[in-house]
Every structure is written in structure tokens, then in C-alpha cells.
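Summary of the model geometry
Here is how the chains run, residue by residue.
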Amino acid sequence: MHDITIVGASICGLYTARALRAEGFAGRITLVGDEVHRPYDRPPLSKEFLVGTYEIADIQLEDEDEHLDLNYRLGQPAVGLRAREQSVELADGSLVRGDAVVVATGARARTLPAAHGLEGVHTLRSLDDAIALRADLQPSHRLVVVGAGFIGAEIASSARGLGLEVDVVEVAPTPLAGPLGSRFGGILARLHERAGVRLHSGVAPATFEGDGRIRAVVLADGTRLPADVLVVGVGAAPNVEWLSGSPVAIGNGIETDQHGQTGLPGVFAVGDCAAWADSATGRPLRVEHWTNAVERPTVVAQQLLHGRTSMVPRPTYFWSDQYGVHVQFAGSIVDHDEVVVEDGDVDALRFLVTYRRAGEVIGVLGVDSVRQFTRRRRALSAIRTPA
Amino acid sequence: MLNVCPLSELPPGEALRVPCSPPIAVFRTEEGEVLAIDDTCTHQDASLADGWLEGCQVECPLHASRFDLRTGAVDAPPAKRPVRTHRVEVVDGMIQVELSLDTPNLPPGLAAGSGANA
Ligand SMILES: Cc1cc2nc3c(=O)[nH]c(=O)nc-3n(C[C@H](O)[C@H](O)[C@H](O)COP(=O)(O)OP(=O)(O)OC[C@H]3O[C@@H](n4cnc5c(N)ncnc54)[C@H](O)[C@@H]3O)c2cc1C
Ligand code: FES
């Protein structure tokens, strides 16, 4: 193994390079990225960067004194994979040859075609998106956010903090029912109201009015929400189309075994673009969280270089910071039959709950309960470590 | 010297946040050593006293960077800068901390004087 190509120069690509070096790989690592920026951290884009307490320098992921010796090819989308030779074709027609390919092309924001073409309409995934949105979040502007998921909620929170009037529209009857279940998704949604943000749930946006610029969002029930800025926060789709000509299996993400290995020898996928076989169910499961993008590269590096791994994956963990509140979740809620309030006060929006299946704790949700949460998260890891 | 609390009130494996400015975190390791660092993570506004203590390292409760309690050094991003360490003495069963005179490495957006609210 002399030459490894990583496609996608974001957190997962960078951590893969780090993990390869940490495992002793001294050969050439080429990092291909379609963005012109060096790897940066995305979570602050909806939080500190959006409100202006962080600048670009604060979200850079590389350390100055880190000598990874990477061969960057930035501003160059990969457009195809030549599977038999483990080579990657770039948009300028050049070919990056290697002995192995790690795909870490992440995901992109889904859009609402009906809102296309109007000024003031944004999605948020990249640094460039964040720069454009930040410039548009003037205190005199009215913001409508479509989608009350974590990122939508964080954007609403940041904009409210900047002094904007904010409405949030959510098609589902309760926000966050997918990740947290409808009861606690609904409880968390109270954070919006508490901050003076109006939440309209169980109703779809019907039309987007504008005169070149967005002026209002009309909901299916006839409600008209005036808007100068619209953010579409309706989830993310994996960046996998560039692989469509290759034999790699693609469903909701690039499908791999439990270690990120695709069906093609020498080709791996990791991070937001990948659907690893879930260790519990064996089914492909795409995870879109930061800790996943940071931890799994070690598994890939070990598997790629040594054909085995000593890493025991930890239960999924993610956080969301909104309205000055720390929301943390670890584990899973799948098939839970009970939710137990372990600590705090649900009505005061400071609490810790566990999700249980047949009595066993499978998930932990903490809202402004960082200390208790960390303990529970560790306990969860201990239970789930296979014997 | 800052009087923190009697040693008997800080069991091994536990941490205490002292709400001074900036706040500091005092840890008693399982081995019995008492160590103090700035409480606020250098990455973002998280309280390291809420983190997970393992040996003489603490893992940040939010994004899992680990800080060495003796040197303040951080093992891996996202935190990049070390935390300040403070000298600790136990005098007559009382934990006392001598605050460092170095400039604290507070996270961007947090000026000295404001504290972690986690
Ligand atoms: C605004 C925002 C806030 C978030 N907040 C949180 C949070 O609070 N907590 C949490 O746990 N997670 C959060 N996340 C999720 C977290 O950031 C992602 O899980 C993480 O970025 C995934 O890393 P990745 O490297 O797999 O993918 P990405 O970060 O999406 O990077 C993929 C890279 O590949 C590039 N690329 C795509 N196609 C090609 C191609 N064909 N050729 C070359 N390059 C290509 C992309 O442009 C991108 O640079 C947030 C995400 C966003 C966008
Ligand atoms: S807040 Fe400590 S690592 Fe992020």
C-alpha cells in the first residue's frame, strides 16, 4: 500500500488521513475536495459562526503543528470512480491513481424547488452558505425557517439572538419525532416559544411569494408569514451521484459492511455519505453526526491497512445547542417501550430521560444536564460493548 | 490562595466547579491526587468539571477532547489549546488553589470574566 486517495476534504476525510498516519501509513495521501476551503468544522456554522462570535480561523480543523503531509486537490469535484484500478477521475479530466479509495463526500442540504430563484432563500451546509446567510440576517429582517429539525432550530435560535422576528414551519405534527420520539420532540419544541419564535407545526408551506426577493410564505392552511429571508432546513441527501457509474452499492448512502468496506476491494466509505451495516440489525444505516465522522475513520484506517480493527464503536452521540440550551443524545430510541424521567424538571426544560426497551436503557436524552448526561452516556457504552 | 473546600467533601473520582472568574475545576483522581485547571473548555463554552475523569485526564462533556490535568495539554481536536493549570495544596484537610497568573485560553467569544453556563 503506497498511495491512498480520500475523496471529500471535510472532517471525515481529514480524520481518515489522521487515522492512517496514526496507524503508521507513510505513503502518499491525496485529499480531493470540491470546496476550495481547507477542512473546517460544520456545527458552528448554524451557531457561533452565524451569530459572528466565530470567524473562519476559529473553525479550521487542521493544527498548525500537525505534519500530516497531505497532497490536497481542492476545488476539484471527483466525477467518477474507476473501480478496478482504484482511481478517481476529477472534473478537470485528470485521474488520481492509488491503491485504495476512501469516500467521504458527506451530504448536501435538500432544497424546495418551489422556492428556487428568489433572492433571500438559503440552505445551510457549507462555509459559503453560512457566509451568505450571515450577511442576510439583518435585525430588521423577518426570517422564516422551513423545517424544525436540529439545524433549522439552531438557525432560528441564532437569528432570534441577532434580533430577527422568526417563524418556523414544520410539516410533521411534532418536530424531532424521528430522533427523539413525539413526546420529547414536542417538549423540546417549547424552546422556540420560550424564545419568542413562532412554531407552526403539522402544516406545509404552500407557496412562496416574492418580487425577485422572497416576501412571504403562505401555508397550506392559508396563514401568510411575511419574510425577507427564508431558510430551507429539510434535511440532507448523501453526495453519491458521482459514483453512479461504478459498481458500488448505493441506497440511502453508500452501503458497506460494519467497517466501511464497500463491495469493491480497496474502496471504503465513511461519514455522512455512508450507510454502514448496523451492528445490531445488520441493515444499512446512514448516520449524520459529528462524532460518527470523527470516530469511524479509525475503523476504516485499521481495516484498510491491517484488515482488522480493534476499535469498538461507541453508541451514536450527538448534541445540539439552541436558545442557550445544551441538548445531548446518545444511543437509539428504536422500538423503545418506555421513557423514564431520571432527573430534573421537564417543564423547566432541564432534564435527563432514558429510553428503554424491555427495561434495558437504549438511549439517553439530556437537556441542560451535561454532567448527568456524560455519566449515563458512559454507562450506555459499557452495556453495549460486546462481550 | 483560594480556599476551595475540605478534602473530605471531594470524594475520589469527583470534580468541583469553583465559580470564580474565570471558573476553575478541581478534580480528585481515583488515585487520590487533587488537581485544578480552568473549568471552561478551550473549544467552546463547556464545563470540564462536568466531564468524564479517567486517570489524570478529563474528557470534555461536549465534544470529547481530553485534557491532561497535570499539564493542561489537549490530546486531540476539536479543542486545540491547552487549559491553564493551577497549583493545588491540601493544608490541614482544606483544598487550596493558587491561581495561575498566565492568560487563560478561553474559547472564542468568551471574554475573561464570563463563565461556562453548562
Ligand atoms: C450547519 C450544520 C450544523 C451541524 N451541527 C451539528 C451538531 O451540532 N452536532 C452534530 O453531531 N452534528 C452536527 N452537524 C453534522 C456534522 O457536521 C456532519 O455529520 C459532518 O460534517 C459529516 O462529515 P463528513 O466529512 O462525512 O461530510 P461533510 O462535512 O458533508 O463533508 C463532505 C465534503 O465532501 C465534499 N464533496 C462532496 N461531493 C464531492 C465530490 N464529488 N468530489 C469532491 N468532494 C466532494 C463536500 O463538498 C464536503 O466538503 C451539523 C452539520 C451542519 C451542516
Ligand atoms: S466544548 Fe470541549 S471539546 Fe468542544
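Conventions we followed
Residues numbered from 1 in each chain as written. Chains lettered and ligands numbered in written order. Predicted model: local features only at pLDDT ≥ 70, side-chain atom pairs only at ≥ 80, totals over all residues. Heavy atoms only, no water. Phe/Tyr/Trp six-rings, centres within 6.5 Å; stacked < 30°, edge-to-face > 60°. Helix = DSSP H or I, 4+ residues; strand = E, 2+ residues; numbered from the N terminus. Buried < 20%, exposed > 50% of the residue type's maximum accessible area, 1.4 Å probe, protein only. Lys NZ or Arg CZ within 6 Å of the ring centre and 35° of its normal. Near = heavy atom within 4 Å. Polar contact = N/O pair within 3.5 Å; in protein donor to acceptor, adjacent residues only side chain to side chain. Areas by Shrake-Rupley, 256 points an atom, 1.4 Å probe, with all protein chains shown as cover. Nonpolar A, V, L, I, M, F, W, Y, C, P; charged D, E, K, R; others polar. Domains from an automatic or database assignment. UniProt positions renumbered as here; feature names shortened; annotations may be inferred.

All names here are of chain A. Summed over the entire model, instances satisfying the criterion amount to seven aromatic pairs over all chains. Seen from their ring centres, Phe-184 and Phe-351 are 5.5 Å apart, and the 50° between their planes marks the pair as tilted. You can see Phe-184 sitting in helix α6 (residues 182–194) and its partner Phe-351 sitting in strand β26 (residues 350–357), a full 167 residues away along the chain. Across the pair, Phe-351 and Phe-184 agree in class, each one buried. Among the aromatic side chains, those forming a connected cluster through ring pairs are Phe-150, Phe-318, Phe-329 and Tyr-355. When the ring centre of Tyr-15 is taken as reference, the NZ or CZ atom of Arg-18 above it lies at 4.8 Å. If you follow Arg-134 out to its NZ or CZ, it ends over the ring of Phe-49, 4.3 Å from the centre.

All names here are of chain A. Taken together, 33 residues lie around ligand 1, and Asp-34, Glu-35, Arg-42, Lys-47 and Arg-125 are the ones closest in. Contacts to ligand 1 include Asp-34, whose side-chain N or O atom sits 2.5 Å from an oxygen atom. In this structure, an oxygen atom belonging to ligand 1 sits 3.4 Å away from a main-chain N or O atom of Ala-107. In isolation ligand 1 offers 1000 Å² of accessible surface; the protein chains occlude 94% of this area. When residues of the shell around ligand 1 are traced back to their parent elements, those giving at least two are α1 (11–22), α4 (150–161), α7 (290–306) and β23 (317–322). Looking at the shell around ligand 1 residue by residue, the class counts come to 15 nonpolar, 10 polar and eight charged. Structurally, the shell around ligand 1 is a two-domain feature, drawing no fewer than three residues from each of domain 1 (3–106 + 239–306) and domain 2 (109–235).

A few words on the UniProt feature "domain: FAD/NAD(P)-binding" (unreviewed entry) in chain A. Here the UniProt feature "domain: FAD/NAD(P)-binding" (unreviewed entry) sits at residues 3–295 of chain A. Between the C-alpha atoms that bound residues 3–295 of chain A the distance is 22 Å, and the span itself is 21% helix and 30% strand.

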